[in-house]
Amino acid sequence: MFVSGPKVDGNPSQADDKTTAFLRRTYREHYFKHHDDVEVPTMIQNREFGYIPFGKGMIRHLSYKTSGELAADLVKQAPSSVFCSNATYSNPTLSMDEKGWKGAELIFDIDASAIPTACRAKHSFWACKTCGKIIRSAERPARCPKCEGTGTAQLHWSCAECLGATKDHVSRLIGFLTKDFGVSSASIKVYFSGNRGYHLHVNDERFEAMEPPARAEIANYVKGTGLVRQQGSDRAPAEGGWSERITASANNDQPQRLETVINAFSSRIDESVTTDIHRIFRMPGTLHGNSGLLKMRVHDLDGFRPEYDPVVLGDEEVTISVQGSPVFSLKGRTFGPYSSEEPELPTYAAVYLMTKGLGRVAD
Ligand SMILES: [Zn+2]
Ligand SMILES: [Zn+2]
């Protein structure tokens, strides 16, 4: 059986031992003080857990009997990322074929990188693997202009504009779920992913037993893929739904093409996440391994500040060595751009760069 893991960014450079130790210590302190913020799932004994230790590969097929056992392990291991299945199983620690799948909540993932915004051209960055120079380019650069090196790693960067546009797609998704699929708002939990996007968890038992093809239909409906065909299918609502959106945007003078309507109303979810019923998904209330930001519940989407509210690590100053970094904003402060320098940064900003492979503890 094919099992896909969670999406994890590749870091431009591997962290050295001192940096890895600093990150572990920082995450451990956070979990020691704030393990109560970790949102423990229902039926904890039936969930599969997994985590990625700093500098190592994924460990999964784990199980915890109680929230206390989970919290103790988080403090002990201080992993870079922590995951939990949206599915429940009879035997979560066995191999995938023997786990005994019982059902899975419906989940959605919307990432800023999937939204076609104008700002993307401004923050399409590559880091030279040899000298660390940050190169702005839409395509992978053939050579580093500084050292002529050919190895580059893409930096997945975001800004206020694309993070704002991502919110808009979250609102559209909530609209589809509540209006077209009759999901109550109370069953939808919205989370900031801890990096560049949002996750939605739907606790509605109508979806629990659904197999991947049925989940794919929901995903395609929300994305507006194959819309013409779906309008005739019995799963898509006949009244309201897309037909209402299309009618509402009809313009007598200049009939709009279907594609324009789809772009205006569809939600650019990652369908591979929604259709995967054996996934382990980043746990709410845990730190993201590529940012140090919190995956956190969002109660007020309009008022949520993705570059401020999830910043939970401390602001004790630490001097780090940065080969290169584009400009970024956290907690109302703007940092960088940096090029071969050793800035003194608050811990949260230092961790942000270190987890992206752009900074290390200064010698
Ligand atoms: Zn270079
Ligand atoms: Zn942007």
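Remember, it's a predicted structure, so these values are computed and weren't measured experimentally.

1. A word on the coordination of the zinc ion (ligand 1)
Inference 1: The coordination sphere of the zinc ion (ligand 1), as far as protein atoms go, consists of Cys128 (SG), Cys131 (SG), Cys144 (SG) and Cys147 (SG), spread over 2.2 to 2.3 Å.
Inference 2: Taken together, the four donor atoms surrounding the zinc ion (ligand 1) define angles of 102 to 116° at the centre, an arrangement classified as tetrahedral.
Inference 3: Written as a sequence motif, the donor residues of the zinc ion (ligand 1) are C-x2-C-x12-C-x2-C. Residue Cys131 is located in the loop between strand S7 (124–128) and strand S8 (134–136), and its partner Cys147 is located in the loop between S8 and strand S9 (152–156); the two are separated by 16 residues in the primary sequence.
Inference 4: Judged by relative accessible area, Cys147 falls into the partly exposed class, the value being 30%.

2. Here's the deal with the environment of Pro343
Inference 1: Here Pro343 shows up in the loop between strand S17 (338–341) and strand S18 (344–346).
Inference 2: Pro343 sits in the buried class, given a relative accessible area of 12%.
Inference 3: With residues up to four places along the chain from it excluded, the contact list for Pro343 reads Val318, Thr319, Ile320, Val322 and Tyr338.

3. Here's the deal with the packing of helix H3 (residues 160–180) against helix H7 (residues 241–248)
Inference 1: Interaxial distance between H3 and H7 falls to 10 Å at its minimum, and their mutual angle equals 120°. Considered as vectors, H3 and H7 are oriented oblique to each other. Residues Gly175, Phe176 and Asp180 of H3 pack against Gly241, Trp242 and Arg245 of H7.
Inference 2: Partitioning the contact of H3 with H7 into residue classes produces two nonpolar, two polar and two charged.

4. Some details on the nonpolar core
Nonpolar side chains in soluble globular proteins tend to end up buried together.
Inference 1: Grouped together as the largest cluster of nonpolar side chains are 77 residues, with contacts concentrated most on Phe108 and Phe328.
Inference 2: At seven residues, the largest contribution of residues to this core is made by helix H10 (residues 347–355).
Inference 3: For Phe108, the residues in contact, after removing those within four places along its chain, are Leu173, Leu177, Tyr198, His199, Leu200, Val202, Ile218, Ile269, Thr274 and Phe281.

5. Focus: the pairing of strand S10 (residues 188–192)
Inference 1: When you tally the buried positions in S10, you get four out of five residues, the bulk of the element.
Inference 2: From the end of S10 to the start of strand S11 (residues 197–202), which pair antiparallel, there are four residues, and Gly194 there has a positive phi angle of about 100°.
Inference 3: The pairing of S10 with strand S13 (residues 296–297) spans two bridges and is classified as antiparallel. For Phe192, the partnering residue across the bridge sits in S13 and is Met296.

6. Topic: the coordination of the zinc ion (ligand 2)
Inference 1: Distances from the zinc ion (ligand 2) to its protein donors, namely Cys119 (SG), His123 (NE2), Cys159 (SG) and Cys162 (SG), fall within the range 2.0 to 2.3 Å.
Inference 2: Coordination geometry of the zinc ion (ligand 2): the four donor atoms subtend angles of 104 to 119° at the metal centre, consistent with an arrangement described as tetrahedral.
Inference 3: All donors to the zinc ion (ligand 2) come from one chain, and their sequence spacing reads C-x3-H-x35-C-x2-C. Here Cys162 lies in helix H3 and Cys119 lies in the loop between strand S6 (106–111) and S7, a separation of 43 residues in the sequence. Per residue, the accessibility class of Cys119 equals that of Cys162, and both read buried.

Thresholds, definitions, all that
Residues numbered from 1 in each chain as written. Chains lettered and ligands numbered in written order. Predicted model: local features only at pLDDT ≥ 70, side-chain atom pairs only at ≥ 80, totals over all residues. Heavy atoms only, no water. Donors = N, O, S within 2.8 Å, 3.2 Å for Na, K, Ca; no water. Tetrahedral: all angles 85-135°; square planar, octahedral: opposite > 155°, others 65-115°. Helix = DSSP H or I, 4+ residues; strand = E, 2+ residues; numbered from the N terminus. Buried < 20%, exposed > 50% of the residue type's maximum accessible area, 1.4 Å probe, protein only. Contact = heavy atoms within 4.5 Å. Axes fitted to C-alpha atoms, helices over the stretch in contact; angles between N-to-C directions. Parallel < 35°, antiparallel > 145°, perpendicular 65-115°, else oblique. Nonpolar A, V, L, I, M, F, W, Y, C, P; charged D, E, K, R; others polar. Core = buried A, V, L, I, M, F, W, Y, C linked by side-chain atoms within 4.5 Å. Pairing = 2+ DSSP bridges.

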